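# Topology and contacts: notes
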Amino acid sequence: MLRLFDPLRTLLALLLLLAGLWWARTGDYFGREILAEMAVFAIAAMGLDLLAGFPRLVSMGHGLFVGIGAYGYAVATALWGWSWPAAILLALALSALAGLLVGLATVRARDVFYIMATLAFGQMGYVWVVRSAELGGDDGLAGVPRPELAALGLDLGDSATFATLLVLLAAAVYLLLGRLLASGFGRTLVAIGQNERRVRALGIAPGPYRVAATTVSGTVAGFAGVLAAMHSMYVSPELFHWTWSGEVLTMAILGGVGSLVGPALGAAAVVWLKYAVSGWTEYWGLFLGLFLILAVWTGGQGLYGYLERLRAWLLRTLTRQEEADARGDRTGQTLRRSHRHRPGVAAGGEG
Amino acid sequence: MTAAYWLTQLLNALQYSMLLFVLSVGLTVVFGLMNFVNLAHGTFYALGAFIGWSLLRATGSFWLALVGAPLLVAAIAAVLYGAMIARMQRAGHLAQVLATLGLVFMGVEVMRIIWGDFALDFAAPPLLQGHVQLFGLVYPAYRLFVIALGLLAMVALWLLLERTALGAMVRAAVDHADMAAALGVRVDRLFFGMFCFGCALAALAGVVAAPIFSVYPGMGIEILIPTLIVVVVGGLGSLKGAVAGSLLVGFVDTFGQVLLPQLAGIVVYALLALTLLLRPQGLFPARA
Amino acid sequence: MLEVEELAAGYGETRVLHGLSLTVARGEVVALLGRNGVGKTTTLRAIMGLLPPAGGRIRLQGRDITGLPAHRIARLGVGYVPETRDIFPSLTVRENLELAWRLGRREGPWDLESIYAFFPRLRERCDNPGTALSGGEQQMLAIARALVQNPDLLLLDEPTEGLAPIVVQEIRTKLRELIATGLTVLLVEQNFRFATPLASRCYILARGRVAWHGPAAELAASEELQRRLLAV
Ligand SMILES: Nc1ncnc2c1ncn2[C@@H]1O[C@H](COP(=O)(O)OP(=O)(O)O)[C@@H](O)[C@H]1O
Ligand SMILES: [Mg+2]
């Protein structure tokens, strides 16, 4: 379960939020475009964390939900001329429905089997869209409008305003998911991830929890898709492709699943790196793959895991210091703050 | 829609099935042994095609490419396994699987760097370049060769798994890995051997597919999904499952395109969804 | 033959054994008893090398085998009959035995011929798939499969679980004959009435440790012990 208030997590989230807002204000146009992309990926990665980090259901098909959200919004606005609130609602409803269906179809799959099943379902969306002439096939759909907020004095066509809005929305998603995961629901999800058999033995059927988590996760990913469509004002089938899902998964793992803020950090870091290396190499995948391998190799706890270890080490050193100061004699018996072990995405599981 | 037309579709379906079989059999046995799936399996398929292309260019012999590429790819797989996957034993199977996803990302780029972005032509051997008359039907000889090769692989693998001591060990380890180990089977070594063997088969499929589809870096990423569907539909860890799964996926996909063109490509996913719902274990799981 | 010292083991973050010690001498039959879920199977799996111990030492014939992989321990002469029997369903009865025999390759009284002579029913069923057997036959096959490797020590996990009384009787007879040949056995049982007549000494597990140990006859005689530690 996520602790509702964890100082480190909250601090990091605040830092990310402030850095984002500051960047939106001071960055150049290109920087703000990157920032908006970071926010979109952060939302998708946090949605994925709900599955990968808590019930340890490593979904490789999140592109399906992102794509459905993006195309739902794009089709409703650009093709059918719907108003933006209605289009957003439709997109969220469709991605929630997709989450529900995928959750139901995979309710008995675990671990590697779950990876394979979600991978395949994600790819189903890709094939569908690529072959659909109405949806623009390979070319995607252009002319997707951003919401009209002139009534509020906001112009989302302005990149600073748009990036600021996306950063704030990412923060809102973070808060909502944090609340959800700090509840009994979150506790059950974690228990399912640790030992599904034991959860059953306690008389709780894991199925409904898993389906609910997939639905919420799919909706969040769909929301990220809506924002992606608004951001680039264009949608392409790439959003559905399984390698795209793999990229989001890499961000989440690199940042550290099970912490919510970790995937957001991972998204920001990966997007930044992508643009940083694009200046001198066109082989970005080399780095992405290397990061993923390193992240799982080192235990799958990601950047946030390192921060937690750093904190634990600091606490140990500090308490030892205090004790030494207070007593001046035995330093052997340190007050070890019991530190909850947070296994990474890959660790543990039943055999 | 004459009889010849349907016969052609039938042969196309069979040929696609055979390709899927050679691809999926290694994957499914490895999965059965250790609950591990190599997401880079398609990458080895593409690598096989590229290495085969280079061998063909260097030696001019298709047959040398057909034999050499799988051997080289098996060696590469062995090195990657030893350097990476074996060392991640403690991190768990899921970590190993995710590491192979990293290999997918890296593999595409490595192939782009070495062989470039464009599709390369790969000529069938002169012996198989023509067409064959068959029940009043003209069919490319090379595609018949693919079918024959797939059938041969099926029989050979069946003999290996069902009729040899090694095969009995593999089956036992797939059934109950712990019990096999408690009898003295080195399950980790079997796993390593099957992993490399599976990658060699993927490379073989890559070379075989090359004259039909040409060779390009993304080919492995595309083939992975149908291969995984075969594994899931057929059931994990069993040869019978790989046979049934590849035939089902091959035929459903081919005839789906013909009979339901508006749903082209989607029908296999419906097959997958149905299987997951009705028989989550797949058709012929090794561990019933 | 076997010395287990302060063994600790568990699954993930949950510890099951917290320092368990026991010994089995050559030619001895020792019973490991305890309520359901106390960790008897866990103990055997740890000895067999199927579960990495979190602490403690395991010695076989004086040699430290702690943390060795299962296939090494098997080759050092430990035979394992798991609670779930784990007959290989995709192998026939004959293949189940041949596989074990080929992997065993140790000197001893048992080979395929003598095993079939000892369990004639297995010979009748030798071309059946492993799963086509009845529960009792599966148990026989599991025992035969371990025996044919000529182990020095046999780990036997609840051989009577889920079997009809008449089959239990049959297994008892076979085990008596085996024990008479001088086989060393660590027998896990929940049913102490089955175990005490066969064993010379008993250990009772509770809360991850040995709560009592002593001669089997003493346990058989003490209703107080049985009530307190075995809940009968
Ligand atoms: N694979 C497993 N994963 C997690 N916990 C397990 C596993 N196997 C057994 N346990 C737990 O370990 C404890 C001991 O189990 P076990 O050794 O099988 O007991 P016994 O054989 O004495 O009945 C039980 O509480 C059981 O729930
Ligand atoms: Mg038990």
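This write-up is about the structure you can find in this document. As the structure is a computational prediction, the values presented were derived from the model and not from experiment.

Residues and elements named next belong to chain A. As for its position among the elements, Thr77 is in helix α3 (residues 62–79). With a relative accessible area of 9%, Thr77 lands in the buried category. Polar contacts involving the side chain of Thr77 include one to the main-chain carbonyl oxygen of Tyr73, which spans 2.7 Å. A distance of 3.3 Å separates a polar atom in the side chain of Thr77 from the backbone oxygen of Ala74. Ignoring anything within four residues of it in the chain, the contact list for Thr77 reads Trp82, Trp84, Ala87, Val144 and Pro145.

Now for the nonpolar core. Among the nonpolar cores identified, the biggest contains 310 residues, and Leu2 and Leu186 of chain C are the most heavily contacted of them. Leave out the neighbours within four places in its chain, and Leu2 of chain C touches Leu22, Thr23, Val24, Ile47, Ile58, Arg59, Leu60, Leu153 and Leu186 of chain C.

Residue and element names in this part refer to chain C. Sheet analysis places strand β1 (residues 2–11) next to strand β2 (residues 14–24), joined by eight bridges and oriented antiparallel. Each residue of the ladder has a partner; that of Glu3, found in β2, is Thr23. In this antiparallel pair of consecutive strands, β1 and β2, the connection spans two residues, and Gly12 shows a positive phi of 60°. Where β1 and strand β4 (residues 55–60) come together, five bridges link them in antiparallel fashion. Its bridge partner lying in β4, Ala8 is registered against Gly55.

To continue, consider the layout of surface pockets. Rolled over the atoms, a probe with the dimensions of a water molecule shows which regions are left empty. All names here are of chain B. In this structure, the second largest pocket occupies an estimated 940 Å³ of space. Looking at the lining of the second largest pocket, the element that brings in the most residues is helix α9 (residues 219–234), giving seven residues. Among the residues making up the lining of the second largest pocket, the classes are represented as 19 nonpolar, ten polar and five charged.

Residues in close proximity to ligand 1 include Arg197 of chain A together with Tyr11, Val16, Arg35, Asn36, Gly37, Val38, Gly39, Lys40, Thr41 and Thr42 of chain C, which together make up its full environment. Each of chains A and C places residues near ligand 1. Backbone polar atom of Val38 of chain C to an oxygen atom of ligand 1: 3.3 Å apart, as the coordinates give it. The fraction of the free accessible surface of ligand 1 (560 Å²) that becomes covered by protein chains is 66%. Top element by residues in the shell around ligand 1 is helix α1 (residues 40–48) of chain C. It accounts for three residues. A breakdown of the residues in the shell around ligand 1 according to their chemical character gives three nonpolar, five polar and three charged.

Criteria and cut-off values
Starting from 1, residues in each chain are numbered consecutively following that chain's sequence as written. Whichever chain is written first becomes A and whichever ligand is written first becomes 1, with later ones labelled in order. At least 70 in pLDDT is required for a residue's local features to be given in this predicted model, at least 80 for side-chain atom pairs to be given and counted, and no such filter applies to totals for whole chains, interfaces and linings, which use all residues. Side-chain numbers come from the whole structure's heavy atoms, not from hydrogens or water. Every helix listed is a DSSP run of H or I at least four residues long, and every strand listed is a run of E at least two residues long, numbered separately from the N terminus. Note on classification: 1.4 Å probe, protein chains only; a residue is buried when its accessible area is under 20% of the maximum for its type, exposed when over 50%, partly exposed between these limits. Nitrogen and oxygen atoms within 3.5 Å of one another constitute a polar contact, given that in protein one can donate a hydrogen and the other can accept it, and given that sequence-neighbouring residues count only through two side-chain atoms. By definition in these notes, contact holds between two residues if any of their heavy atoms fall within 4.5 Å. Side-chain atoms within 4.5 Å are what join buried Ala, Val, Leu, Ile, Met, Phe, Trp, Tyr and Cys residues into a set we call a nonpolar core. Paired strands are those between which DSSP finds at least two bridges. A cavity, in this analysis, means grid points on a 1 Å lattice covering only the protein atoms where a 1.4 Å probe fits yet has no way out; a pocket is instead an open set bounded by protein on both sides within 12 Å along at least five of seven lines, and a residue lines either one if it has an atom within 4 Å of a point. Grid points are joined across faces, edges and corners, and a volume is the space filled by probe spheres set on the points. When residues are grouped by polarity, Ala, Val, Leu, Ile, Met, Phe, Trp, Tyr, Cys and Pro land in nonpolar, Asp, Glu, Lys and Arg in charged, and all others, Gly among them, in polar. Definition of nearness: a residue and a molecule or strand are near each other if at least one heavy atom of the residue lies within 4 Å of the molecule or strand. Calculation of accessible area relied on Shrake-Rupley with a 1.4 Å probe; when residues are assessed, cover is drawn exclusively from the protein chains displayed.

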